[in-house]
Amino acid sequence: MDHTSKQEQAIGLLQELGLKEYEAKSFVALTRRQSGTAKDISETSEVPRTRVYDAIRVLEEKGLVETQHSNPQVFRAVSIDEAINTLQAEYTERTESLRDTLRGLEPVEDTESTDVTHEVWMLSDDQGITSRTEQLIEQAEKEVILVVGHESIFTDRLAEQLGVAQRRGVDVIVGTIDEALHAEIQQSLPDVEVFVSELEWLSQSPLPDDDTEISRLLMVDREAILVSSFTETEAERREHEQGVFGTGFDNGLVTIVRRLMATGLLLENDRGDTGT
C-alpha cells in the first residue's frame, strides 16, 4: 500500500470513529509533522485554511491536539498511542450510552402472535457471525458443541470464551476438520473434549460446481443453532461468509442440524470404542 493510500485509509478510519472530514485530514496532517501552524496544516492536508481552526478546536476538545499560544499559533497531535486510547474510550462510552438508550426504548405492541420456535435468521460477514457465535457461547447454560470447519475460525478470543464456558460448568465439545487443527485446539483447551469430525461434507461438497465450505457449526443447549458457509480464496482466506441462525428445540433447522451433529459425534465415539 503506497503512502497516499495509507493516508486515505487513516482518514477514512478516523471518520468511521466519528471525526468529520476536515478534522480527520487535519489530524493526519499533524501526525505526519512534528508540529505546524494553520498554514502548514492547510498545505499538508488540503483543508482550507479558514476551516483548519474549526477542525483544530474540535480536535483539541477531544484531547487529540495540543496548542501553543504563540503568534502564529502552533499545533501538534498527541502521540499515536494516546490518540488511539482516547478514541477507543470515546467509542466505548458512546456504545455503552447507545446500549442503555436502546434498552430504555418502549417496545411497540405487536398484536400478532409469533411462534419463536420456528424463527430462522440470516447473518452476513465474519464480524456479525462471530459476534453471534460469541453471544451464544456466553449464554450457554448446559452444553456447547462447536465444529470448526476452517482454521481461521479458531481465534484466541474464541478459545478464551470456550474455556470460560467450560469452567463455569458448561459441557464444551469441539469438532475439527483434521488432525492438525485437532492438535492445535486440544493444546489451547486441554480440559475440553476435542474430536475430528466425521462430517466430510464440511469441507467438500458431493455436488458438482459447489465450492462452498462450512466454516462453523454451533449448537448451544441443543436448542440454538448457527451454521455458516464461505468460499475459500487462493490465499486460503474466507470470503462471502453467510450464516443461518435458528432457535427453539422443535425448530426444523435446529432439529436437522442437531441430528447431523449427533451423527458425527456418534461416529467419532464408535471409532473410539472400537479402537480403530
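Note that the coordinates shown come from a computational prediction; the quantities given were computed from them, not determined experimentally.

Enquirer: Tell me about the pattern of salt bridges, and name the residues and values.
Expert: Taken as a whole and judged by the stated rule, the model has 9 salt bridges. In this structure, glutamate 21 engages lysine 25 in a salt bridge whose closest nitrogen and oxygen atoms are separated by 2.9 Å. A residue pair is termed a helical-turn pair when its members lie 3 or 4 positions apart in one helix, as glutamate 21 and lysine 25 do in helix H2 (residues 21–32) at 4 residues. Judged by relative accessible area, glutamate 21 falls into the partly exposed class, the value being 39%. Given a relative accessible area of 21%, lysine 25 falls into the partly exposed group. Two residues, arginine 157 and glutamate 134, come together in a salt bridge whose shortest N-O distance is 2.6 Å.

Enquirer: Give me the lowdown on helix H4 (residues 49–61), citing residues and values where you can.
Expert: In this model, H4 (13 residues) spans 19 Å end to end at C-alpha, consistent with the 18 Å of a helix rising 1.5 Å per residue. For H4, every residue scored as buried is listed here: Val52, Ala55, Ile56 and Leu59. In an axial view of H4, the angular spread of the buried residues amounts to 105°, which keeps them on one side of the axis. Residues of H4 that are exposed and point more than 90 degrees away from the buried face comprise Thr50 and Glu61. Structurally, H4 contributes buried residues whose contacts are with H2, helix H3 (38–45), strand S1 (65–68) and strand S2 (74–77). Among the residues trailing H4, glycine 63 stands out with phi positive, at a value near 80°.

Enquirer: So, the environment of serine 229: which residues are in play, and what are the values?
Expert: Inspection of the secondary structure puts serine 229 in strand S8 (residues 224–232). In the structure, serine 229 is positioned 80 residues away from glycine 149 in sequence and 8.9 Å away in space, judged by C-alpha atoms. Those residues in contact with serine 229 that sit more than four places away from it in its chain are Glu213, Ile214, Ser215, His240, Glu241 and Gln242.

Enquirer: Quick rundown of a nonpolar patch on the surface? Include the residues and the values.
Expert: A surface patch of nonpolar side chains, amounting to about 300 Å² of accessible area, comprises Leu98, Leu102 and Leu105. Mapped onto the secondary structure, leucine 98 falls in helix H5 (residues 80–103).

Enquirer: Give a description of the packing of H2 against H4 that names residues and reports values.
Expert: Where H2 meets H4, the axes come as close as 9 Å, and the angle between the chain directions of the two elements is 80°. Our classification of the angle between H2 and H4 gives roughly perpendicular. Along its contact with H2, which presents Tyr22, Glu23, Ser26, Phe27 and Leu30, the element H4 presents Arg51, Ala55, Ile56, Val58 and Leu59. A class-by-class count of the residues in the contact of H2 with H4 yields 7 nonpolar, 1 polar and 2 charged.

Enquirer: Summarise the layout of surface pockets; cite the residues concerned and give the values.
Expert: Of the voids in this model, the largest pocket is the one considered here, and its volume is about 260 Å³. What lines the largest pocket is simply Ala10, Leu13, Leu14, Leu17, Phe27, Val28, Thr31, Ile80, Ala83, Ile84 and Leu87. Among the elements of the structure, helix H1 (3–16), H2 and H5 are those that each provide at least two residues to the lining of the largest pocket. Looking at side-chain class alone, the lining of the largest pocket contains 10 nonpolar, 1 polar and no charged residues.

Enquirer: An account of the confidence of the model for the protein is requested, with residue identities and associated values reported.
Expert: For the protein, per-residue confidence averages 82 on the pLDDT scale, and residues scoring 70 or more make up 82% of the total. Between residues 266–276, whose pLDDT stays under 50, and residues either more than four places distant or in other chains, the model counts 8 contacts.

Enquirer: Talk me through empty space enclosed by the protein; I want residue IDs and the actual numbers.
Expert: Tallying each qualifying case throughout the model produces 1 cavity of 30 Å³ or more. For the largest cavity, the calculated volume is near 30 Å³. Of the residues in the lining of the largest cavity, the class split is 3 nonpolar, no polar and 2 charged.

Enquirer: Any details on the packing of H3 against H4? Residues and values, ideally.
Expert: A packed helix pair is summarised by two numbers, namely the angle formed by the two axes and the spacing between the axes. It is at 9 Å that the axes of H3 and H4 come closest, and there the two elements cross at 105°. When the axes of H3 and H4 are compared, the pair comes out roughly perpendicular. Contacts between H3 and H4 involve Ala38, Lys39, Ile41 and Ser42 from the first element and Arg49, Val52, Tyr53 and Ile56 from the second. Residues belonging to the contact of H3 with H4 are distributed by class as follows: 5 nonpolar, 1 polar and 2 charged.

Enquirer: So, a negative patch on the surface: which residues are in play, and what are the values?
Expert: A cluster of acidic residues, Glu151, Asp156, Glu160, Asp178, Glu179 and Glu184, forms a negative patch at the surface. Residue assignment for the negative patch shows that the elements contributing at least two residues are helix H7 (156–167) and helix H8 (179–188). Position of aspartate 178 among the secondary structure elements: in the loop between strand S5 (171–176) and H8. On the basis of relative accessible area, aspartate 178 is assigned to the partly exposed category, the value being 33%.

Enquirer: Explain the nonpolar core residue by residue, including any values.
Expert: Grouped together as the largest cluster of nonpolar side chains are 27 residues, with contacts concentrated most on Val144, Leu162, Val172, Val174, Ile185 and Leu218. With residues up to four places along the chain from it excluded, the contact list for leucine 218 reads Thr133, Leu136, Ile137, Val144, Ile145, Leu146, Ala224, Ile225 and Leu226. The next biggest cluster of nonpolar side chains, apart from the first, holds 21 residues, and it includes Ala24, Leu30, Val52 and Ile56.

Basis of the calculations
Residues numbered from 1 in each chain as written. Predicted model: local features only at pLDDT ≥ 70, side-chain atom pairs only at ≥ 80, totals over all residues. Heavy atoms only, no water. Salt bridge = Lys/Arg side-chain N within 4 Å of Asp/Glu carboxyl O. Helix = DSSP H or I, 4+ residues; strand = E, 2+ residues; numbered from the N terminus. Buried < 20%, exposed > 50% of the residue type's maximum accessible area, 1.4 Å probe, protein only. Expected span 1.5 Å × (residues − 1). Arc of directions from axis to C-beta. Contact = heavy atoms within 4.5 Å. Patch = residues over 30% accessible without salt bridge, like charges linked within 9 Å, V, L, I, M, F, W, Y side chains within 5 Å. Areas by Shrake-Rupley, 256 points an atom, 1.4 Å probe, with all protein chains shown as cover. Axes fitted to C-alpha atoms, helices over the stretch in contact; angles between N-to-C directions. Parallel < 35°, antiparallel > 145°, perpendicular 65-115°, else oblique. Nonpolar A, V, L, I, M, F, W, Y, C, P; charged D, E, K, R; others polar. 1 Å grid on protein atoms, 1.4 Å probe; cavity = no way out; pocket = protein on both sides within 12 Å on 5 of 7 lines; lining within 4 Å. Points joined across faces, edges and corners; volume = space filled by probe spheres on them. pLDDT = per-residue confidence, 0-100. Lys, Arg positive; Asp, Glu negative; His and termini not counted. Charge placed at Lys NZ, Arg CZ, Asp CG, Glu CD. Core = buried A, V, L, I, M, F, W, Y, C linked by side-chain atoms within 4.5 Å.

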